[in-house]
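Secondary and tertiary structure notes
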Amino acid sequence: MTTCITGTGLYIPPFSISNEELVDSFNQYVENYNAKHADEIAAETVTALEPSSAAFIEKVSGIKSRYVMEKDGILDPEIMAPVIPYRNLGEELSIMAEMGAAALKDALADAGLEANDLDGIILACSNFQRTYPAVAIEIQNEIGMIGGFAYDMNVACSAATFGLSQAHGSIVSGLAKRVAVVNVEITSAHLNWRNRDSHFIFGDVATASIVEELDTPKGYEILNSKLFTQFSTNIKNEYGFMDRSEFLAAQTEMYPDIKEPVTDKLFLQNGRKVFREVCPKVSEVITEHLQENDIPTSDVKMMWLHQANANMLDLILRTVVGKEADKAIVPSVIAEFANTSSASPMIVFHRYKDELASGDLGVICSFGAGYSIGSVLVRKV
């Protein structure tokens with residue numbers, strides 16, 4: 001018996017925002033802010049904001065556009081956030097479940113399966129729109145899957161590979177025979193669109209993968225996984241259910257430094273430090289994973305990496321495979337999708353999985369906040 005990835009699915013949101021559109025909106029906000037605070041800026045009590053440019057964004061990230069679930073609010077200089085109406089839980093399908101169900105149905109069709117062929121669903125993401133009931137169970141209900149289990153899990157941008165590892169482990173342990181791993185990211189809602197250093201990074205998307213136990217392998221056999229975590233605050237998003245209590249505490253003299261929990265608790269990143277610390281560790285984890293399986297790096301035909309930053313992809317490729325490595329080994333979708341957190345390596349896998357020949361080896365690898373790194377070694381059947 002082998003455990004294989006037999007199907008993948010992709011849901012692309014209805015709207016796309018180009019760098020040029022994003023910069024027009026951001027620069028209008030900057031102009032409005034600087035005009036409003038002109039006196040304070042002149043007195044040097046407030047720092048003037050700097051405008052951005054499409055060329056700057058592409059140079060530092062490789063991103064040209066991103067998909068989003070709502071566009072008008074993001075591009076409105078007075079709002080700069082997606083405006084998504086509340087849906088009554090139990091009466092209407094949540095937006096997160098809607099996206100996840102669409103991607104999962106696509107993956108089931110790709111694998112030639114029905115909803116009730118599944119034993120489990122793991123929703124592995126970086127952000128969830130609510131604490132409970134689990135969005136995974138809502139997806140389970142939406143697709144008509146009767147019985148089995150579903151749960152949510154969060155390992156930030158590494159959630160997809162950790163989810164695949166959990167699915168593989170559930171099958172090996174006898175808990176299930178078929179498990180779906182779903183990654184839904186509405187990153188537009190957790191991003192501070194007024195932060196020049198990060199407002200361009202993310203996009204929305206949903207992906208899904210089917211992991212099965214088979215007598216006759218097909219798709220991609222999962223050989224094994226390697227997982228790594230190390231605590232760091234260089235990438236963080238602290239927005240959560242404790243914010244109300246912390247804000248109330250901030251009204252007292254006991255906690256004067258806590259601000260109203262809006263922009264200062266959304267996504268924050270020390271980008272330069274993350275680049276210096278994470279890239280070498282990702283390369284180290286992949287290299288060790290291959291060595292543990294007696295696989296020379298020259299045997300790796302493709303690495304489906306987390307699409308965090310085009311420069312990070314290039315550095316990881318060169319340090320794992322070599323300075324003269326063919327860039328086709330690490331395909332990229334970041335120009336079109338931007339960083340889609342946990343879903344990003346699965347978009348690349350979905351788009352490029354058919355390009356390898358039978359017997360070829362590949363690595364699905366994700367990395368991000370935690371720090372967390374997940375490497376899944378697969379072989380094309």
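Just so we're clear, the structure is a prediction, and the values are computed from it rather than from any experiment.

**Concerning the sheet that holds strand β8 (residues 220–229)**
Judged by pairing direction, the sheet is mixed, and its 9 strands sit side by side in the order β5-β4-β6-β7-β1-β8-β13-β12-β11 without closing on themselves. Lying at the two open borders of the sheet, with one neighbouring strand each, are β5 (149–154) and β11 (300–305). The sheet shows a mean angle of 25° between the axes of neighbouring strands, direction not considered. Of the strand pairs in this sheet, strand β6 (residues 178–185) and strand β7 (residues 205–214) are connected by 8 bridges, and their pairing is antiparallel. Opposite Asn183, over in β7, you have Thr207 as the bridge partner. The strands touched by helix α9 (residues 271–292) within the sheet are β8, β11, β12 (361–368) and β13 (372–380), with β13 carrying the most contacts at an inclination of about 40°.

**Points about the layout of surface pockets**
Considering only enclosed or pocket space, the second largest pocket measures out at about 740 Å³ in volume. In terms of lining, the second largest pocket is formed by 30 residues, of which the most central are Asp197, Gln269, Gly271, Arg272 and Asn309. When residues in the lining of the second largest pocket are grouped by element, the largest group, 5 residues, is from α9. A per-class count over the lining of the second largest pocket returns 16 nonpolar, 11 polar and 3 charged.

**Comments concerning the UniProt feature "domain: Beta-ketoacyl-[acyl-carrier-protein] synthase III C-terminal" (unreviewed entry) in the protein chain**
Within this numbering scheme, the UniProt entry marks residues 290–379 as carrying the feature "domain: Beta-ketoacyl-[acyl-carrier-protein] synthase III C-terminal" (unreviewed entry). Each end of residues 290–379 is marked by a C-alpha atom, and these two atoms are 13 Å apart; helix forms 30% of the span and strand 24%.

**Some thoughts on the packing of aromatic side chains**
This structure, assessed with the given rule, holds 9 aromatic pairs. When the ring of Phe149 is compared with that of Tyr151, the centres are 6.1 Å apart and the planes differ by 15°; the resulting orientation is stacked. Take Tyr151: its relative accessible area is 28%, and that puts it in the partly exposed class. Three or more aromatic residues joined by ring pairs form one cluster here, namely Phe26, Tyr29 and Tyr33. Sitting over the face of the ring of Phe56, Arg196 holds its NZ or CZ atom 4.4 Å from the ring centroid.

**A few points about the pairing of β12**
Of all the 8 residues making up β12, 8 are buried; the element is thus mostly covered by neighbouring parts of the structure. Of the two faces of β12, the one holding Leu361, Val363, Cys365 and Phe367 and the one holding Gly362, Ile364, Ser366 and Gly368 are both buried throughout. When β11 meets β12, the two strands line up parallel, connected through 5 bridges. Considered in β12, the bridge of Met303 is made with Val363. Two strands pair when backbone bridges link them, and β12 and β13 are joined in this way by 8 bridges, in the antiparallel orientation. Paired with Gly362 across the two strands is Val378, which belongs to β13. As consecutive antiparallel partners, β12 and β13 are separated by 3 residues, and within that stretch Gly370 has a phi angle of approximately 140°, a positive value.

**Here's the deal with the side chain of Thr8**
Structurally, Thr8 is set in strand β1 (residues 2–11). The contacts of Thr8, once residues within four sequence positions are left out, are Asp106, Ala107, Asp110, Ala208, Ser209, Phe349, His350 and Lys353.

**Some thoughts on helix α1 (residues 19–36)**
When the terminal C-alpha atoms of α1 are compared, their 25 Å separation across 18 residues agrees well with the 26 Å that a helix rising 1.5 Å per residue should span. Summarising the contacts, the buried residues of α1 are in contact with β2 (15–18), α3 (54–61), β3 (65–68) and α4 (72–75).

**A few points about the pairing of β8**
Pairing between β1 and β8: 2 bridges, direction antiparallel. By the bridge assignment, Ile5 is partnered in β8 with Tyr220. Summarising the sheet, β8 and β13 pair through 9 bridges and their orientation is antiparallel. Paired with Phe228 across the bridge in β13 is Ile373.

Conventions used here
- Residues numbered from 1 in each chain as written.
- Predicted model: local features only at pLDDT ≥ 70, side-chain atom pairs only at ≥ 80, totals over all residues.
- Heavy atoms only, no water.
- Pairing = 2+ DSSP bridges.
- Helix = DSSP H or I, 4+ residues; strand = E, 2+ residues; numbered from the N terminus.
- Axes fitted to C-alpha atoms, helices over the stretch in contact; angles between N-to-C directions.
- Contact = heavy atoms within 4.5 Å.
- 1 Å grid on protein atoms, 1.4 Å probe; cavity = no way out; pocket = protein on both sides within 12 Å on 5 of 7 lines; lining within 4 Å.
- Points joined across faces, edges and corners; volume = space filled by probe spheres on them.
- Nonpolar A, V, L, I, M, F, W, Y, C, P; charged D, E, K, R; others polar.
- UniProt positions renumbered as here; feature names shortened; annotations may be inferred.
- Phe/Tyr/Trp six-rings, centres within 6.5 Å; stacked < 30°, edge-to-face > 60°.
- Buried < 20%, exposed > 50% of the residue type's maximum accessible area, 1.4 Å probe, protein only.
- Lys NZ or Arg CZ within 6 Å of the ring centre and 35° of its normal.
- Expected span 1.5 Å × (residues − 1).

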